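Report on the structure
What follows is the residue order along each chain.
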Amino acid sequence: MALRKAVPAKSAQNNSLPSCPRCQGTGWVTESVYVGRKRREVGEIDVICSRCMSTGIDPTPNRY
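We now turn to the structure provided with this report. No experiment lies behind these values; they were computed from the predicted model shown.

What follows concerns the overall build of the chain. Across its full length, the chain carries 1 helix and 2 strands. Traced from its N-terminal end to its C-terminal end, the chain shows the element sequence α-β-β. Counting across all 64 residues of the chain, residues that qualify as buried make up 12%. Across the chain, contacts joining residues at least 24 apart in sequence account for 37% of those joining residues at least 6 apart.

Spelled out as structure tokens, the structure:
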């Protein structure tokens with residue numbers, strides 16, 4: 001039986017990166033769904049955050 005490789009613990013580097021302000025680090029946001037000619041709102045759906053692309057890390061931390 002072969003020896004298992006030791007899996008390194010999660011890097012502390014990931015914890016020091018700022019979370020995305022739009023999704024608060026979850027990677028998901030809600031978008032409103034509109035229907036009809038008058039564009040009335042009928043509900044919300046969960047979508048991938050377009051700012052961080054579902055990573056949860058702010059891609060431009062020094063921008064704002």
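Our focus in this paragraph is the pairing of strand β2 (residues 40-48). Relative to β2, strand β1 (residues 28-35) runs antiparallel, the two sharing 8 bridges. Bridging across to β2, Y34 finds its partner in E41. Where β1 folds back onto β2 in an antiparallel hairpin, the turn is made up of 4 residues, including G36, whose phi is positive at roughly 85°.

Another aspect to go through is the nonpolar core. With 5 residues, the main nonpolar core is built from C20, C23, V29, C49 and C52. If near-sequence neighbours (up to four positions away) are discounted, C52 is found in contact with C20, C23, G27, I57 and P59.

A separate point is the environment of E44. For E44, the location among the structural elements is in strand β2. For E44, a relative accessible area of 53% puts it in the exposed group. The spatial distance from the C-alpha of E44 to the C-alpha of T30 is 6.1 Å, given a sequence separation of 14 residues. Apart from the residues within four sequence positions on either side, E44 is in contact with T30, E31, S32 and V33.

Turning our attention to the pattern of salt bridges. As enumerated under the stated definition, the model contains 2 salt bridges in all. E31 is paired through a salt bridge with R22; the nearest N and O atoms lie 2.7 Å apart. You can call R22 partly exposed: its relative accessible area is 36%. The shortest N-O distance in the salt bridge between D58 and R51 comes to 3.1 Å.

Parameters at a glance
- Numbering of residues starts from 1 in each chain and follows the order in which that chain's sequence is written.
- In keeping with the predicted nature of the model, local features appear solely for residues at pLDDT of at least 70, side-chain atom pairs appear and are counted solely at 80 or more, and the whole-chain, interface and lining totals rest on all residues.
- Excluded from the side-chain calculation are hydrogens and water; included are all heavy atoms of the structure.
- Helix and strand definitions follow DSSP, with helices as H or I runs of at least four residues and strands as E runs of at least two, each counted in order from the N terminus.
- Burial classes follow relative accessibility: with a 1.4 Å probe on protein chains only, a residue under 20% of its type's maximum area counts as buried, one over 50% as exposed, and anything between as partly exposed.
- Any two residues whose heavy atoms approach within 4.5 Å at even a single point are treated as in contact.
- When DSSP locates at least two bridges between a pair of strands, those strands are taken to pair.
- Definition of nonpolar core: a set of buried residues of the types Ala, Val, Leu, Ile, Met, Phe, Trp, Tyr and Cys, connected through side-chain atoms within 4.5 Å.
- Definition used for salt bridges: Asp or Glu carboxyl oxygen within 4 Å of a side-chain nitrogen of Lys or Arg.

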